[in-house]
Amino acid sequence: MTRRAIAVFGGTFDPVHYGHLRAAAEVSERLGVTDFRLLPAGQPPHREGTWAPARHRLAMLELALAPHADLSVDEREVQRGGLSYMSDTLASIRTESGDTPIILCLGQDAANHLDRWHDWQRLLELAHLVVMTRPDAEPRYSDALRAYLEGRSVDVCADLMRTPAGRLCNVNVTRLAISSTDIREQIAAGRNPRFLLPSTVLAYIRKHGLYC
Ligand code: ATP
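Description of the structure in this document. (Residues numbered from 1 in each chain as written. Predicted model: local features only at pLDDT ≥ 70, side-chain atom pairs only at ≥ 80, totals over all residues. Heavy atoms only, no water.)

Quick notes on the packing of aromatic side chains
Inference 1: Across all of its chains, the model carries two aromatic pairs by this definition.
Inference 2: The ring of Tyr148 has Arg152 sitting right over it, with the charged end atom 4.7 Å from the ring centre. (Phe/Tyr/Trp six-rings, centres within 6.5 Å; stacked < 30°, edge-to-face > 60°. Lys NZ or Arg CZ within 6 Å of the ring centre and 35° of its normal.)

Some details on the sheet that holds strand E5 (residues 128-132)
Inference 1: Pairing is parallel across the open sheet formed by six strands, whose spatial order is E3-E2-E1-E4-E5-E6. Since the sheet does not close on itself, it has two edges, and those belong to strand E3 (71-73) and strand E6 (168-171), each with one partner. Taken pair by pair, the neighbouring strands of this sheet meet at an average axis angle of 25°, ignoring direction.
Inference 2: With five bridges connecting them, strand E4 (residues 102-107) and E5 associate as parallel partners. If you follow Cys105 over to E5, its bridge partner there is Val130.
Inference 3: The sheet contacts of helix H1 (residues 18-31) involve strand E1 (3-11), strand E2 (33-40), E3, E4, E5 and E6, and relative to E2 the element is tilted by about 150°.
Inference 4: Each of E1, E2 and E4 is contacted by helix H4 (residues 86-97), which is oriented at about 150° to E4, the strand it contacts most. (Pairing = 2+ DSSP bridges. Helix = DSSP H or I, 4+ residues; strand = E, 2+ residues; numbered from the N terminus. Axes fitted to C-alpha atoms, helices over the stretch in contact; angles between N-to-C directions. Contact = heavy atoms within 4.5 Å.)

Focus on the pattern of salt bridges
Inference 1: Counted by the stated rule, this structure contains nine salt bridges.
Inference 2: Between Asp74 and Arg76 there is a salt bridge, and its shortest N-O distance comes to 3.0 Å. No difference in accessibility class separates Asp74 from Arg76, as the two residues are buried.
Inference 3: Here the salt bridges share partners, and the residues they tie into one network are Asp35, Arg37, Asp74, Arg76 and Glu96. (Salt bridge = Lys/Arg side-chain N within 4 Å of Asp/Glu carboxyl O. Buried < 20%, exposed > 50% of the residue type's maximum accessible area, 1.4 Å probe, protein only.)

Digging into the state of the cysteines
Working definition of a disulfide: a covalent bond connecting the sulfur atoms of two cysteines.
Inference 1: Here the structure, examined in full by the defined rule, presents zero disulfides.
Inference 2: Cys169 forms no disulfide, and the closest cysteine sulfur to it belongs to Cys157, at a distance of 3.6 Å. (Disulfide = S-S within 2.5 Å.)

Some words on the nonpolar core
Inside soluble globular proteins, nonpolar side chains tend to come together where they are buried.
Inference 1: Leu31, Phe36 and Val130 are the most contacted members of the largest nonpolar core, which has 41 residues in total.
Inference 2: Sequence-distant contacts of Leu31, defined by excluding residues within four places in its chain, comprise Arg3, Ala7, Ile103, Val130, Cys157, Leu160 and Met161.
Inference 3: Listed in part, the 24 residues of the second largest apolar core include Met86, Ala91, Ile93 and Tyr148. (Core = buried A, V, L, I, M, F, W, Y, C linked by side-chain atoms within 4.5 Å.)

Looking at the side chain of Arg37
Inference 1: Checked against the element boundaries, Arg37 lands in strand E2.
Inference 2: Residue Arg37 is classed as buried on the basis of its relative accessible area, which comes to 13%.
Inference 3: A distance of 3.1 Å separates polar atoms of two side chains, one belonging to Arg37 and the other to Asp74.
Inference 4: Discounting residues that sit within four places of it in the chain, Arg37 has contacts with Ile6, Ala7, Val8, Phe9, Ser72, Asp74, Arg76 and Ile93. (Polar contact = N/O pair within 3.5 Å; in protein donor to acceptor, adjacent residues only side chain to side chain.)

Digging into the environment of Asp35
Inference 1: Mapping Asp35 onto the fold places it in strand E2.
Inference 2: For Asp35, a relative accessible area of 24% gives the class partly exposed.
Inference 3: Distance from Asp35 to Ser72, taken between C-alpha atoms, is 7.7 Å for residues 37 residues apart in sequence.
Inference 4: For Asp35, the residues in contact, after removing those within four places along its chain, are Ala5, Ile6 and Ala7.

Quick look at the environment of Ser97
Inference 1: Its place among the elements puts Ser97 in helix H4.
Inference 2: Separated by 62 residues in the primary sequence, Ser97 and Asp35 place their C-alpha atoms 12 Å from one another.
Inference 3: Discounting residues that sit within four places of it in the chain, Ser97 has contacts with Ile6 and Ile102.

Some points on the site of the ligand
Inference 1: Near the ligand lie 21 residues; those nearest to it are Gly107, Asp109, Arg134, Ser180 and Thr181.
Inference 2: A distance of 3.1 Å separates an oxygen atom of the ligand from a polar backbone atom of Thr12.
Inference 3: One nitrogen or oxygen atom from the side chain of His17 is found 2.9 Å from an oxygen atom belonging to the ligand.
Inference 4: Coverage of the ligand by the protein chains reaches 92% of its 600 Å² of free accessible surface. (Near = heavy atom within 4 Å. Areas by Shrake-Rupley, 256 points an atom, 1.4 Å probe, with all protein chains shown as cover.)

As far as function goes, none of this settles anything; it's purely spatial.
Right, dumping it as structure tokens:
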């Protein structure tokens with residue numbers, strides 16, 4: 001059964017890897033949505049900067065998703081330029097989508113620090129949250145964040161479709177201990193991170209001399 005909703009999976013994708021891709025595949029299947037977008041951050045505010053420029057991160061995502069028509073890339077943060085605030089991004093998607101449920105997907109490590117995001121209390125006004133399991137990341141929320149999330153949890157993803165925003169669902173995904181940091185470090189050390197990311201993405205990295 002397919003459901004009308006927009007799922008958004010944001011990240012730096014520096015580079016995209018199978019941890020991201022498998023989680024996206026499993027969550028999109030669980031949600032039953034036909035509109036599942038991976039959304040690369042232009043200039044993430046909570047980091048010093050990215051390693052690869054936005055155009056390369058975008059190109060790698062497009063290569064990774066090319067064989068998978070049901071998963072798309074949303075370029076709006078890269079096109080907008082400047083700092084990328086997820087609250088602005090969700091507001092812009094909300095403007096286009098009326099009352100359609102919007103679902104922001106993020107890993108447990110990212111969810112633990114949600115209260116460091118710009119305008120974080122607005123996020124659940126604009127979207128639901130799906131928090132995906134990630135190895136070595138247990139739920140650990142500040143008191144303020146726990147209080148904010150309290151009472152918003154639903155057990156089944158289908159319940160997110162009843163309202164446009166405001167609920168939280170925890171989703172178990174296959175635990176793949178893969179990170180972009182580890183891939184960048186392997187490349188910088190002259191090692192081969194094959195099988196941790198699509199071979200097309202690795203070929204792109206080699207061709208453009210990224211992360212060396
Ligand atoms: P880095 O090592 O540079 O911090 P990363 O591997 O954590 O990168 P990001 O692009 O920062 O990747 O992550 C984007 C989103 O994907 C975050 O919500 C993060 O929690 C989630 N994510 C990343 N890797 C995994 C994984 N292996 N399993 C589940 N979720 C993941």
